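Listed below are the residues making up each chain.
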Amino acid sequence: MERGIPKILVATPTYEGKNYCLTQFIANVASFTFPKSCYDFVIFDNSRTPDNAKYINKTFGIKCVWRDYSGMSVIQKLAQTHEEIRQYALNNGYDFLLHLESDVFPQEDVIEQLLWTRKAIVGVPYQLFGGGQRRVVTQGWSDTELKNDFYVSCLDLSFIQHWFFDGTIRRCTTNGIGCTLMHTKAIANIPFRYVEGDDSAPDTWFTRDLISNNIPYYVHTGMIAFHYNMEDWLEYANLIKYDKNE
């Protein structure tokens, strides 16, 4: 570890369905310009069997952790995987966690750019969905929510408009967690969770818990990551090629 440089965990949840861009994703992480001695890259696989984790480890030489989540719902499995990543970062003495989804491709100096913001929670925007439903994942504040210091429902907030992206570091309600740098002290008491009977994604509950604990969430509006999402999220996803969805 370089003197004075924080220790960072780059951690990625994945499963076999994301292997269509696995090689490109790993190559992108390998291109990061942050000192290699100062960050570790670990993949957390929640596929149905350990075969995909073994394949990743053998083919790419990357540590890949697998857990048996059979019998769990998709939302519960996602929450458990995200929480395992958080616990790994806390238990192994990392200063920061860069939570990076396996189909999100940030620029090479993403770690430096996010560290320079000096924010405890800061993310890089990326596109959500595809085709005619394509929009940036970042959600902003409204006057109503700003006046409500008790509880904010991120499901009720509007997606931000183009004027929001002025190259500065701006506060938001959420930017997803597809590419988010988190100081481990800030998330020490903010677990990823799910609520039985609720289909909200674990990053939604995570955002709500940040708000209730007065931990601000920021986004670097001078950056954007490529989201190579080939899953069939919406009816109109075939209206644009996924390699052109920026």
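For the structure itself, look to the data block above.
Cut-offs and rules
- All chains use their own residue numbering, which begins from 1 and follows the written sequence.
- Selection of residues for local features in this predicted model requires a pLDDT of at least 70, selection of side-chain atom pairs for listing and counting requires 80 or more, and totals for whole chains, interfaces and linings are taken over all residues.
- Excluded from the side-chain calculation are hydrogens and water; included are all heavy atoms of the structure.
- Classification of ring pairs uses Phe, Tyr and Trp, with its six-membered ring standing for Trp, and accepts pairs whose centres are within 6.5 Å; under 30 degrees between planes counts as stacked, over 60 as edge-to-face, and the remaining range as tilted.
- Labels follow the DSSP assignment, with helices taken as runs of H or I lasting at least four residues and strands as runs of E lasting at least two, numbered in each case from the N terminus.
- Only protein chains enter the accessibility calculation, which uses a 1.4 Å probe. A residue is then buried if its area is under 20% of the maximum for its type, exposed if over 50%, and partly exposed in between.
- Should DSSP find at least two bridges between two strands, the strands are regarded as paired.
- The axes used here are C-alpha line fits, helices contributing only the stretch in contact, and every angle between their N-to-C directions lies in the interval 0 to 180 degrees.
- Any two residues having at least one pair of non-hydrogen atoms within 4.5 Å are treated as being in contact.

Engineer: Where do I start with the packing of aromatic side chains in this structure?
Structural biologist: Two numbers describe a pair of aromatic rings. These are the distance of the centres and the angle of the planes. Summed over all chains, the structure comprises 11 aromatic pairs. Note on Phe 25 and Phe 41: the rings are 6.2 Å apart at their centroids and 55 degrees apart in plane angle, and the pair reads as tilted. One end of the pair, Phe 25, is in helix H1 (residues 22-30); the other, Phe 41, is in strand E2 (residues 39-45), with 16 residues separating them in the sequence. Both residues of the pair, Phe 25 and Phe 41, belong to the buried class.

Engineer: I tried to follow the sheet that holds strand E9 (residues 169-172) on my own but got confused; where do I start?
Structural biologist: Across a sheet, paired strands are connected by hydrogen bonds in the backbone, their directions being either parallel or antiparallel. Strand order in the open sheet made by the 8 strands is E3-E2-E1-E4-E10-E6-E11-E9, with mixed pairing throughout. Both edges of this open sheet fall to strand E3 (63-66) and E9, since each of them pairs with a single strand only. Each strand axis lies, on average, 25 degrees off the axis of its neighbour in the sheet, ignoring direction. The pairing of E9 with strand E11 (residues 217-220) spans 4 bridges and is classified as antiparallel. Within E11, the residue paired with Arg 171 across the bridge is Tyr 218. Contacts from H1 reach strand E1 (8-14), E2 and strand E4 (96-100), with the element oriented near 160 degrees to E2.

Engineer: Looking at this structure, how should I read unusual backbone geometry?
Structural biologist: Peptide bonds are trans in most cases, and residues, glycine excluded, mostly fall at negative phi. In this model, Arg 118 sits at a positive phi of 60 degrees, which is unusual for a non-glycine residue. Relative to the helices and strands, Arg 118 resides in the loop between helix H4 (110-116) and strand E6 (121-123). Although it is not a glycine, Asn 214 adopts a positive phi angle of roughly 55 degrees. Mapped onto the elements of the fold, Asn 214 is located in the loop between helix H6 (202-212) and E11.

The values are spatial; any link to function lies outside them.
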